[in-house]
Amino acid sequence: MTQFQSIPSLGLGLGTKNRAGAWLEVFYPQLWTAPPQEVLQALAPLLGETGKNQTLSLDETKLANLKEVLRPFEWAAEFCELAQRVQGTGVEARALTLVWHDQEPLDVPQIYLNLHLLSSRAVKPHQINLSGIFGKLVNLAWTNQGPVELTELDQARLTARLKGEVLVVRSVDKFPPMADYVVPKGVRIADASRVRLGAYLGEGTTVMHEGFVNFNAGTLGQSMVEGRISAGVVVGNGSDLGGGCSTMGTLSGGNSVVISVGEKCLIGANAGVGIPLGDRCTLEAGLYLTAGSKVNLLDGQGNLQGQVKARDLSGKSDLLFRRNSLTGALECLTNKTVIELNLALHKNN
Amino acid sequence: MTQFQSIPSLGLGLGTKNRAGAWLEVFYPQLWTAPPQEVLQALAPLLGETGKNQTLSLDETKLANLKEVLRPFEWAAEFCELAQRVQGTGVEARALTLVWHDQEPLDVPQIYLNLHLLSSRAVKPHQINLSGIFGKLVNLAWTNQGPVELTELDQARLTARLKGEVLVVRSVDKFPPMADYVVPKGVRIADASRVRLGAYLGEGTTVMHEGFVNFNAGTLGQSMVEGRISAGVVVGNGSDLGGGCSTMGTLSGGNSVVISVGEKCLIGANAGVGIPLGDRCTLEAGLYLTAGSKVNLLDGQGNLQGQVKARDLSGKSDLLFRRNSLTGALECLTNKTVIELNLALHKNN
Amino acid sequence: MTQFQSIPSLGLGLGTKNRAGAWLEVFYPQLWTAPPQEVLQALAPLLGETGKNQTLSLDETKLANLKEVLRPFEWAAEFCELAQRVQGTGVEARALTLVWHDQEPLDVPQIYLNLHLLSSRAVKPHQINLSGIFGKLVNLAWTNQGPVELTELDQARLTARLKGEVLVVRSVDKFPPMADYVVPKGVRIADASRVRLGAYLGEGTTVMHEGFVNFNAGTLGQSMVEGRISAGVVVGNGSDLGGGCSTMGTLSGGNSVVISVGEKCLIGANAGVGIPLGDRCTLEAGLYLTAGSKVNLLDGQGNLQGQVKARDLSGKSDLLFRRNSLTGALECLTNKTVIELNLALHKNN
């Protein structure tokens, strides 16, 4: 488990509130990580204690006030420019949000800021506190007319029809698609509905139509992603995930081990990863490697050196997993001698 | 096979007709099942014989007439309110539709009413007559400007371009996405294009991005659906479908046995279900269980008790299916003794 | 490898340019293959050398000029009609494009014309030169407000929000979805984001929600596609691809052999094709057949006749591939005698 760092990030968000005034979602056009101490001090009268996560809903007066407070700081030039653009527009739901990366986010604006930080590559997966976000996020209908609360969806649909319009519902989910909020540099996403806000895509990553990336998960560098990256799963630079392959999630697998994939791995199409993989590992297409499976261990000459459970090979590098097509046995080929293998395995225990 | 019940349902629909006046699709903002006998009688002069499925296109006069006829009935208060809202709007294609759950739907408005009844949980899969619907539904382009007939699509696209707009075609299909018509209470649908109108989602069901639910199919209660629920397949309460798993459809499998999954089952990622499963069954990730496969049957102590075809285990509960990772053999583990197993199997024959 | 033919095609396109005047994408409402020689000659003063691929941006003057030049030709009646409709509209980015099927396309308008030709069934996969298109296509955000260059996406999103609108990003890709440009006759596409422009869908093909078709790939006739057709893969008439099945691509597989599937084949759900298949072949659900796998070859009586690598069975017809569920061995059943098998195999070597 990564230890979160005590770093603050700041955002000026435009969002949506329901009729009761509760936040539904927030878009942050820009993010500011680690603002100078004097900026935080200047914000204290507005935000209250700046050592804690804070959300301030901004009416026109507070927005003007905020601009006044930040104007003296060269650091805040872009911030003030954004505030200027927002001022006087029809957008009423606006938030000044401060999150500390190690603190649990307390409301929707703070959660959305955390998710933006991940998707903008300001923090990597597991580097920001996401405790309790499922309970606080609101399940919304994401439509061509913006997010709609579910209690209002039937009315919205009827109203659209009566006007001769059509309300297209893209998803009913607690998380919106990432690309409606953030598209980091150097990525392709063939079907944007399959990458959730809060995903981390490294520069040079392509997520093909069958690819999927959940929040707090993703690729650290260049990857071709045609399979599914479950929540919490991180894939190292240069690794490719074949079409329809699966990485077992902690939510779905009933397993507390977080799956990861090292660098330069190749997961074959329709395969599955049930253990953390080291670097330069290959899983044959169609092979699902569950943690409890017994595996025949072969050395560089293809000689059987023993049997282990797949989980004992967690995190090891330079392994090739395949199913022997004549005996049906799971095999793990290494480029190591039996002595190196034993040493490696003992280190693991 | 469920026997359909002779129950009527009524809907007031807003829809689309083509230039020739043929119905393309209908949206029913509300549904009324089992209207009182006196309401049906009052509708008879408008609808004709109310013991049969009926569709009445409503011009302004007929709509006003309908309101007059139903006003006396307390039962019809919401119906009249809806009629009131519809009146005088630009929507010209309006239908009063009556379907009996055991009668074959005769036209597009009746089919759409049946599909609404399923998605609204008024009827469960296999409880309403859907005979012949494939032949009667119209293949349409579902766009951001509403449904477009395919013969008019090229013109619509060009017209949009010449106006500087863009016509986004979401699908070309006989069935629209469910969420554009109905979102029942207590569900999440991460990619709305993957749940067809006519799907039945139990309260507490989440359909993730890789999940899919066809019409006349779905989940009866709480389920995490990350796999594909084919047409006709029903999944019991508390069962989860892992990412990319498959349930064999009668359309695709060339098989007349309707697949079902009992309660509290777990289908692993990338697995496949080729037989009906009882309760508390588990399929290992990556295992495709086809009906004709021979399976080694193991008792609670892991001792081999014999071999059966997978189809002989249809509908049995408390089974764990896996592939032995060293021998490649399909195995079925039970918590039963050999005597109980034999009894269970004989019952099946 | 198919030899490309030296045939010209002509298009009048409406498209999008970025602020610097570079083409981003082009829509061709109609296509004209093999225009008469005198038409090409008449176009020469406008286009320059008509024996080469040419793109001409059309301002109002040039568009009027083009109409004058083509008016005398009966062949060009529809062309002139289209030019007439385009004239005077707000669409500024217009192109007259000429491509020769055997020449490498040089710019975005030419590439888009080639892709249109494929999706409109004017050419089959591998019948048109697509060399170098990846490098020339522009990675764009495809939104509900049209294609947006990535450098302008953040501004477009903010601008939309400030107007109270929502910018829905459907994909970030070099290829748009086919159905936004072309829907050929007699197809269904359940999720349009999963079929790229440049796909070829035969009449009678249905691409279900889990289906996928890349560019320069597709189905030649009637097919039910519930699996993934990778770039370059062609599927013969009457073949069905089960849910989630995979066809190994040359991009992903690190393999130079182009996969193809003959006629009347059945690829089971979650299966995978790693070799070219002949006609009437079946792959059992869940079976991934990689080229290097050793396979037990069984004759019509189910007797073992020997072992071969899967790649040695490339292109052979009437084969059934399955994994023996008790021994775990890959098996290939044929309806041939051992002598016929040997002959067939030797022919292959």
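All values derive from a computational prediction rather than experimental measurement. (Residues numbered from 1 in each chain as written. Chains lettered and ligands numbered in written order. Predicted model: local features only at pLDDT ≥ 70, side-chain atom pairs only at ≥ 80, totals over all residues.)

For chain A, the count of helices and strands is 8 helices and 27 strands. Each principal axis of the C-alpha distribution contributes one length, and for chain A these read about 75 × 55 × 30 Å. Out of the 349 residues belonging to chain A, those deemed buried represent 53%. (Helix = DSSP H or I, 4+ residues; strand = E, 2+ residues; numbered from the N terminus. Buried ≥ 20, exposed ≤ 12 C-beta atoms within 10 Å, placed from the backbone.)

Moving on, we get to the UniProt feature "binding site: Mg(2+)" (unreviewed entry) in chain A. Feature annotation in UniProt assigns "binding site: Mg(2+)" (unreviewed entry) to the following positions: E210(A). Of note, E210(A) is situated in the loop between strand 11 (205-207) and strand 12 (212-213). Ignoring any residue separated from it by four or fewer positions in sequence, one finds E210(A) in contact with E226(A), G243(A), G244(A), F212(C) and R228(C). (UniProt positions renumbered as here; feature names shortened; annotations may be inferred. Contact = placed C-beta atoms within 7 Å.)

Further remarks concern the pairing of strand 8 (residues 169-173) of chain B. All names here are of chain B. Of all the 5 residues making up strand 8, 5 are buried; the element is thus mostly covered by neighbouring parts of the structure. Bridge count for strand 6 (residues 140-143) against strand 8 is 4 bridges, and the pairing is antiparallel. From the neighbouring strand, A141 faces strand 8, where its bridge partner is V172. (Pairing = 2+ DSSP bridges.)

This part is about the interface of chain C and chain A. The accessible area lost on association of the parts is a frequent measure of interface size. Listed as interface residues are 39 residues of chain C and, on the opposing side, 36 residues of chain A. Split by residue class, the side of chain C that touches chain A holds 15 nonpolar, 16 polar and 8 charged. (Nonpolar A, V, L, I, M, F, W, Y, C, P; charged D, E, K, R; others polar.)

All names here are of chain A. Closest axis-to-axis distance for the helix 2 (residues 60-70)/helix 3 (residues 77-86) pair is 10 Å, and the angle between their directions is 160°. Between helix 2 and helix 3, the crossing angle belongs to the class labelled roughly antiparallel. Where helix 2 crosses over helix 3, the two elements pack in a sense that is left-handed. Facing L63, L66, K67 and L70 of helix 2, the residues of helix 3 in contact are F79, C80, A83, Q84 and V86. A breakdown of the residues in the contact of helix 2 with helix 3 according to their chemical character gives 7 nonpolar, 1 polar and 1 charged. (Axes fitted to C-alpha atoms, helices over the stretch in contact; angles between N-to-C directions. Parallel < 35°, antiparallel > 145°, perpendicular 65-115°, else oblique. Left-handed = near helix turned anticlockwise from the far one by under 90°.)

Let's shift gears to the pairing of strand 2 (residues 23-27) of chain C. In regular strands, side chains alternate between the two faces of the sheet. Residue and element names in this part refer to chain C. In terms of residue burial, strand 2 counts as a mostly covered element, since 4 of its 5 residues are buried. Both strand 1 (residues 8-17) and strand 2 contribute to a ladder of 4 bridges, which runs antiparallel. Considered in strand 2, the bridge of G15 is made with V26.

Our next topic: the relation of the copies chain A and chain B. Its rotation angle being 120°, the transformation that places chain A on chain B also includes 0.0 Å of axial translation and leaves an RMSD of 0.0 Å. Taken together, the rotation and translation relating the two chain copies correspond to the operation of a three-fold axis. Across chain A, the rotation axis passes nearest the C-alpha of G328(A), at a separation of 2.3 Å. Taken as a fraction of all interface residues of chain A, those also at the interface in chain B reach only 15%, which identifies the copy contact as different-surface. (Least-squares fit on C-alpha atoms with pLDDT ≥ 70 in both.)

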